[in-house]
Amino acid sequence: MQDLKEKEERLNMALEASSDGLWDWNVQTGEIYFSPRYYTMLGYEPYELPQTYETWTGLLHPDDRKTAEKTILDHIEKKSAPYEQEFRLKTRSGKWKWILGKGKVFSVDENGRPLRVVGTHTDISRLKAAVRQARETQKELKIRNQIAHIFLTTPGDDIYEKILALVLDMTQSRYGIFGFIDDAGEWVCPSLTKDIWENCQVPDKRIAFPHATWTGIWGQAMTDKTCRYINQRLHLPKGHMTIENTLDAPVVYQDQLVGNLLIGQKDTGYTDDDQRLMEMVADQIAPVLKTRLERDREQKERKLAEIRLQQVQKLEAIGSLAGGIAHDFNNILSAILGYAQLAMDRLPENSPAQADLEQIYKGGERAKDLVMQILAFSRQQKQNTVPIQISAIVKEVLKFLKSTLPSSIEIRQQIVPDTGIVMADPTWIHQILMNLCTNAAHAMDKTGGILTVKLFNMTLDPDMIAALPDLVPGKYLKLTVGDTGHGIPPDILPKIFDPYFTTKKRGKAPAGTCHGAAS
């Protein structure tokens, strides 16, 4: 008896040393013994729960219960190889621990039926976590490599489509949108799931979302620059397709929002694991996307600079030609005006030819003014800039237009009372406005319409003049001319500032050009 007691003590010490829990099940009576460690590894006091089969099944995770029971019962029934099974048990705190259960039938009756099954429980939570971490690390590394490959090998906006496809696949989501934040602070989405665009019946569908439209979970996520998910049906505008469960991952680089990934419609709902995975993806994308956006911006600015340089070179070439012609023409005009003046001086005051010579002289004077404009255009003559009130010139031009334009064209003016004084050439301002209004009127000569002229004050800050290198921040006057005509075709738009460019057909009086405005 003493030997048996010592053996039990040695067994208990060995089990305690190994951190395993012991269970001993009498299959015939249903009695089960759970060792103290069996309880304490789950956070319970020794023998706190009844020592019954139902205690074990009651602690099993719902997803593991059916498989775990079947495995041990199959072992007892078939007396197969030693029982071994992984499952989760609920701890006293309500969390779950991974357990490795092992056991074996140790005795049978005379008919070979199992009488006693003995086994152990081993806490393998740390091992499972390590294996899971290794798998996640391997998965993350694979995703990182895929993202890097996409950015390195994919041209243009196709990167957004491929990144979105990768994210949808790894999260098992059906819908998604991926885009960047542009210079105006709008969320521009070059890539979105085809179903969203085709099946949405919202009348104002868009792929660019101004900051004012950032609402709901995705608006909060982008505003707070934190990844969020919600597993419920979204409140969307009437006509929008139904979306349940969404996760939004802002792409943030050095505390600057540069992009955003919004995914949805995962059937099982999103979890913290999905959130961590999307945060990793967003962190991986952020520096590459930032670099890409800066490169695209630099390329755009360089292209605009090249266009401006070509325009300047074109104007310089035309200006040089025009200047040369103007000088030669001016010499001819000097002779015409000089001899016309001599002839008028020699003729009697009442001579019939006197009136004709005066008209010749006036025509020469108008030609002389034209030469001066050509020389100013070629930069060989300074503009006559003086302090003027542009509002007075605008009103004068509009007064003239009202008497010349057909009644089918309505003129509307919006001129603020206090526009102040500016330094400008009044002749040029007059000519520019006349040209713009004449062009607008020609666009409405068949259908009629509304010609609108606006003059108002505005202040330009450094951000607003980023695309206007010739200006500096400060107060300005803005003069605009608008019409309700047919507009300018896209193929014509790049040419509107070319000197002497016109769309008028041969035989018709050409509309005024915009070279004065361009200058």
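Just so it is clear, the model here is predicted, and its values are computed rather than measured. (Residues numbered from 1 in each chain as written. Predicted model: local features only at pLDDT ≥ 70, side-chain atom pairs only at ≥ 80, totals over all residues. Heavy atoms only, no water.)

A look at the pattern of salt bridges
Oppositely charged side chains may form a pair once their charged atoms are brought near each other. Applying the stated rule across the entire model yields 16 salt bridges. Notably, a salt bridge pairs Asp 74 with Lys 70, separated by 2.9 Å at the nearest N-O pair. In this pair, Asp 74 and Lys 70 both sit in helix α4 (residues 62–78), 4 residues apart, roughly one turn of the helix. Residue classification places Lys 70 among the exposed residues on the basis of a relative accessible area of 52%. Linking Asp 109 and Arg 113 is a salt bridge whose minimum nitrogen-to-oxygen distance equals 2.8 Å. For Asp 109, a relative accessible area of 13% puts it in the buried group. The class of Arg 113 is partly exposed, set by a relative accessible area of 46%. (Salt bridge = Lys/Arg side-chain N within 4 Å of Asp/Glu carboxyl O. Helix = DSSP H or I, 4+ residues; strand = E, 2+ residues; numbered from the N terminus. Buried < 20%, exposed > 50% of the residue type's maximum accessible area, 1.4 Å probe, protein only.)

A closer look at a nonpolar patch on the surface
A contiguous nonpolar surface patch, about 550 Å² in accessible area, is contributed by Leu 321, Ile 325, Phe 329, Ile 332, Ile 336 and Ile 360. Tallying contributions element by element places helix α9 (residues 272–346) first for the nonpolar patch, with 5 residues. Relative to the helices and strands, Ile 332 resides in helix α9. Looking at Ile 332, the relative accessible area reads 48%, which means it is partly exposed. (Patch = residues over 30% accessible without salt bridge, like charges linked within 9 Å, V, L, I, M, F, W, Y side chains within 5 Å. Areas by Shrake-Rupley, 256 points an atom, 1.4 Å probe, with all protein chains shown as cover.)

Thoughts on α4
For α4, spanning 17 residues, the distance from its first C-alpha to its last is 25 Å, which sits close to the expected 24 Å at 1.5 Å a residue. Of the positions making up α4, those classed as buried are Asp 64, Ala 68, Ile 72, His 75 and Ile 76. End-on, the buried residues of α4 take up no more than an arc of 95°, which puts them together on one face. Exposed residues pointing more than 90 degrees away from the buried face of α4 are listed as Lys 66, Lys 70, Glu 77 and Lys 78. Looking at the buried side of α4, the elements it contacts are β1 (21–26), α3 (53–59), β3 (83–90), β4 (96–108) and β5 (114–123). (Expected span 1.5 Å × (residues − 1). Arc of directions from axis to C-beta. Contact = heavy atoms within 4.5 Å.)

Digging into the sheet that holds strand β15 (residues 449–460)
Read from one edge of the open sheet, 3 strands run β13-β15-β16, paired in mixed fashion. Each edge of the open sheet is held by one strand with a lone partner, namely β13 (409–415) and β16 (474–483). Averaged over all pairs of adjacent strands, the angle between their axes in this sheet comes to 15°, without regard to strand direction. Where β13 lies against β15, 7 bridges are found, and the strand directions are parallel. What sits directly across from Gln 413, in β15, is Val 453. (Pairing = 2+ DSSP bridges. Axes fitted to C-alpha atoms, helices over the stretch in contact; angles between N-to-C directions.)

Side note on the side chain of Ser 173
In this fold, Ser 173 is placed in the loop between α6 (158–171) and β6 (175–181). Under the relative-accessibility criterion, Ser 173 is labelled buried at 9%. Side chain to side chain, Ser 173 and Tyr 270 meet in a polar contact 2.6 Å long. Contacts of Ser 173, omitting those with residues within four sequence positions, involve Leu 168, Ile 263, Gly 264, Gln 265, Lys 266 and Tyr 270. (Polar contact = N/O pair within 3.5 Å; in protein donor to acceptor, adjacent residues only side chain to side chain.)

Examining α6
Its 14 residues give α6 an end-to-end C-alpha distance of 20 Å, which sits within 8% of 20 Å, the value for a rise of 1.5 Å per residue. Looking only at α6, the buried set comprises Ile 159, Tyr 160, Ile 163, Leu 164, Leu 166, Val 167, Leu 168, Met 170 and Thr 171. On its buried face, α6 sits against α5 (125–153), β6, β7 (187–192), β11 (256–264) and α9. One or two steps after α6, the chain reaches Gln 172, where phi turns positive at roughly 55°.

Observations regarding the packing of aromatic side chains
Taken as a whole and judged by the stated rule, the model has 11 aromatic pairs. Relative to Phe 178, the ring of Tyr 160 lies with its centre 5.2 Å away and its plane at 55°, an arrangement referred to as tilted. A residue pair is termed long-range when its members are at least 10 positions apart, and Tyr 160 in helix α6 and Phe 178 in strand β6 qualify at 18 residues. Across the pair, Phe 178 and Tyr 160 agree in class, each one buried. Relative to Phe 180, the ring of Tyr 160 lies with its centre 5.7 Å away and its plane at 40°, an arrangement referred to as tilted. (Phe/Tyr/Trp six-rings, centres within 6.5 Å; stacked < 30°, edge-to-face > 60°.)

Focus: the packing of helix α11 (residues 390–404) against helix α12 (residues 426–443)
In the contact formed by α11 and α12, the axes pass within 10 Å of each other and the chain directions differ by 45°. Considered as vectors, α11 and α12 are oriented oblique to each other. Note on packing geometry: the crossing formed by α11 with α12 is right-handed. Together, Ile 390, Ile 393, Val 394, Glu 396, Val 397, Phe 400 and Leu 401 of α11 and Pro 426, Ile 429, His 430, Leu 433, Met 434 and Cys 437 of α12 make up the contact between the two elements. Across the contact of α11 with α12, the residue classes break down as 11 nonpolar, 1 polar and 1 charged. (Parallel < 35°, antiparallel > 145°, perpendicular 65-115°, else oblique. Left-handed = near helix turned anticlockwise from the far one by under 90°. Nonpolar A, V, L, I, M, F, W, Y, C, P; charged D, E, K, R; others polar.)

Looking at the sheet that holds β11
As summarised here, the arrangement of the 6 strands in space is β8-β7-β6-β11-β10-β9, forming an open sheet in which the pairing is antiparallel. The open sheet is flanked by β8 (208–209) and β9 (228–233), the only strands paired with a single partner. Here strand β10 (residues 244–253) runs beside β11; their pairing, made up of 8 bridges, is antiparallel. By the bridge assignment for β11, Tyr 253 is matched with Gln 256. Sitting on the sheet, α9 is in contact with β6, β9, β10 and β11, with an inclination near 40° to β10.

A short note on the confidence of the model for the protein chain
In this model, the protein chain carries a mean pLDDT of 81, and residues with pLDDT of at least 70 account for 85%. Confidence drops under a pLDDT of 50 for residues 509–519, and excluding neighbours within four residues, the segment shows 28 contacts in the predicted structure. (pLDDT = per-residue confidence, 0-100.)

Examining the pairing of β15
Of the strand pairs in this sheet, β15 and β16 are connected by 10 bridges, and their pairing is antiparallel. Bridging from a neighbouring strand, Leu 455 pairs with Leu 479 of β16.

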